[in-house]
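Chain residues, written in single-letter form:
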Amino acid sequence: AGFIKSPLSQKRLTQDSVELHCEAIGNPIPEIQWWFEGNEPNETYAQLWDGARQDRVKINATYNLHSTSTIYIANLTSDDSGMYECRASNDPDRNHLSKSPKVKWIRSQANVFVIERPEVKSSMDSASVNRVLSCNMTEPSSAIEGHKWLLGDKIVKEDTESSTSTSYTIEGKVEEHSGIYQCVYKTNPVIKGEILVEVPPQVMAYKKSEHGNEGDTGVLTCKNPSFPAVTSWNWYKKGQEVSAPIVNGSGRYIIKSSGNKTELRILKLNIEEDTGDYHCNATNSQGSGGATVNLRVRSRLAALWPFLGIVAEVLVLVTIIFIYEKRRKPDEVLD
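Please read all numbers here as calculations on a predicted model, not as lab measurements.

Reading guide: rules and limits
Residues numbered from 1 in each chain as written. Predicted model: local features only at pLDDT ≥ 70, side-chain atom pairs only at ≥ 80, totals over all residues. Heavy atoms only, no water. Helix = DSSP H or I, 4+ residues; strand = E, 2+ residues; numbered from the N terminus. Buried < 20%, exposed > 50% of the residue type's maximum accessible area, 1.4 Å probe, protein only. Pairing = 2+ DSSP bridges. Axes fitted to C-alpha atoms, helices over the stretch in contact; angles between N-to-C directions. Disulfide = S-S within 2.5 Å.

Time to look at unusual backbone geometry. Across the junction of N27 and P28, the peptide omega takes the value 0°, indicating a cis bond. Relative to the assigned elements, P28 resides in the loop between β3 (18–24) and β4 (31–38). The amide bond that connects N188 to the next residue, P189, takes the cis arrangement and shows omega of 0°. Mapping P189 onto the fold places it in the loop between β15 (179–185) and β16 (191–197). The backbone of D55 shows a phi angle near 65°, a positive value even though the residue is not glycine. Locating D55 in the fold gives a position in helix α1 (residues 52–55). Residue classification places D55 among the partly exposed residues on the basis of a relative accessible area of 45%. One non-glycine residue, L65, lies in positive phi territory at about 70°.

Okay, here's the thing in structure tokens:
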């Protein structure tokens, strides 16, 4: 027996992708093949293989206890519309050129409709106090049942209007609301537009003040929560900005930077050399920004001072009591 696990009818947009799954059970384990028939009147079924259609077709199959096969087609075009057929057979003569197989191929079908992608024109009005993001769709392929605006995975606005245009207003400082915005049209299939809101790095220090013990490793960290991502990070020590930035691996410095985060490690902290302000600077396509972290290095004995103070107080108290008891006159014994 063989069957396609995916929906038997799927709608897709041009430039999208589609994936179909097929399973077959039998003994011996059957082979699975994929065939395609287009919508043109004269088209007949043609076998598909891994790498077909200019390497847009990928087929993965496993044969373990039973057969499973997945066909994936990327960057769909209107020519990809048609009937996709999964065929399974375990007859030894199934692929013989002259002999007819005793066991017929078991077939399962799924129809894929590839619709021309409507154009979504997106824009951003930077003239007003609050930036307005807009999307306008031309020639929708199906009825519009509403809109959604997304910032990353978060829904920032949603409605049930049927208009081909939709807008979203960023309230407050745009530096605090940068990122990749999507306008989503609730159609079948879903249509999306994209707007990039880009700002210079809004760098923040994890902690404005860090403490470390002499001889230990000090760790200073900065991050950039804004979009786009940082392309380069630099660290400076206050008073050394005129000279070259701190070089990774030089002296006792180790710098680890990845995307929107950077970390400066200072090995074997020294009170005299390492205490002070450190500046992290980030650069992206929109400009640069930075933050300052203050590092305080304490002596290893710093933690002992409170304990030693308590001990000293106890010793002074005991000494006073001892002297007082020695000098006190003995009480008269009552008759």
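Next comes the rest of the account.
The next point concerns the sheet that holds strand β11 (residues 131–138). Taking strand neighbours across the sheet as the criterion, the 3 strands line up as β10-β11-β14 in an open arrangement whose pairing is antiparallel. Here the strands that pair on one side only, and so sit at the sheet edges, are β10 (119–125) and β14 (165–170). Across the sheet, the mean angle from the axis of one strand to that of its neighbour is 15°, orientation sign disregarded. As paired strands, β10 and β11 are joined by 7 bridges and run antiparallel to one another. By the bridge assignment, S122 is partnered in β11 with C135.

What follows deals with the state of the cysteines. Evaluated as defined, the whole model comprises 3 disulfides. The side chain of C135 participates in a disulfide bridge whose partner is C183; the two sulfur atoms lie 2.1 Å from each other. Disulfide C135-C183: torsion about the S-S bond near -85°, hence left-handed. With C135 in strand β11 and C183 in strand β15, this pair connects stretches of sequence that are 48 residues apart. Residues C135 and C183 agree in their burial class; the two are buried. The side chain of C222 participates in a disulfide bridge whose partner is C280; the two sulfur atoms lie 2.0 Å from each other. Negative torsions about the S-S bond denote left-handed disulfides, and the value of about -85° found for C222 with C280 makes this one left-handed. Placement of C222 in strand β19 (residues 218–223) and of C280 in strand β23 (residues 276–284) is noted, with a sequence separation of 58 residues between them. C222 sits in the buried class, given a relative accessible area of 0%. Under the relative-accessibility criterion, C280 is labelled buried at 0%. Looking at the protein, its bonded cysteines, counted consecutively from the start of the sequence, adopt the pairing 1-2, 3-4, 5-6.

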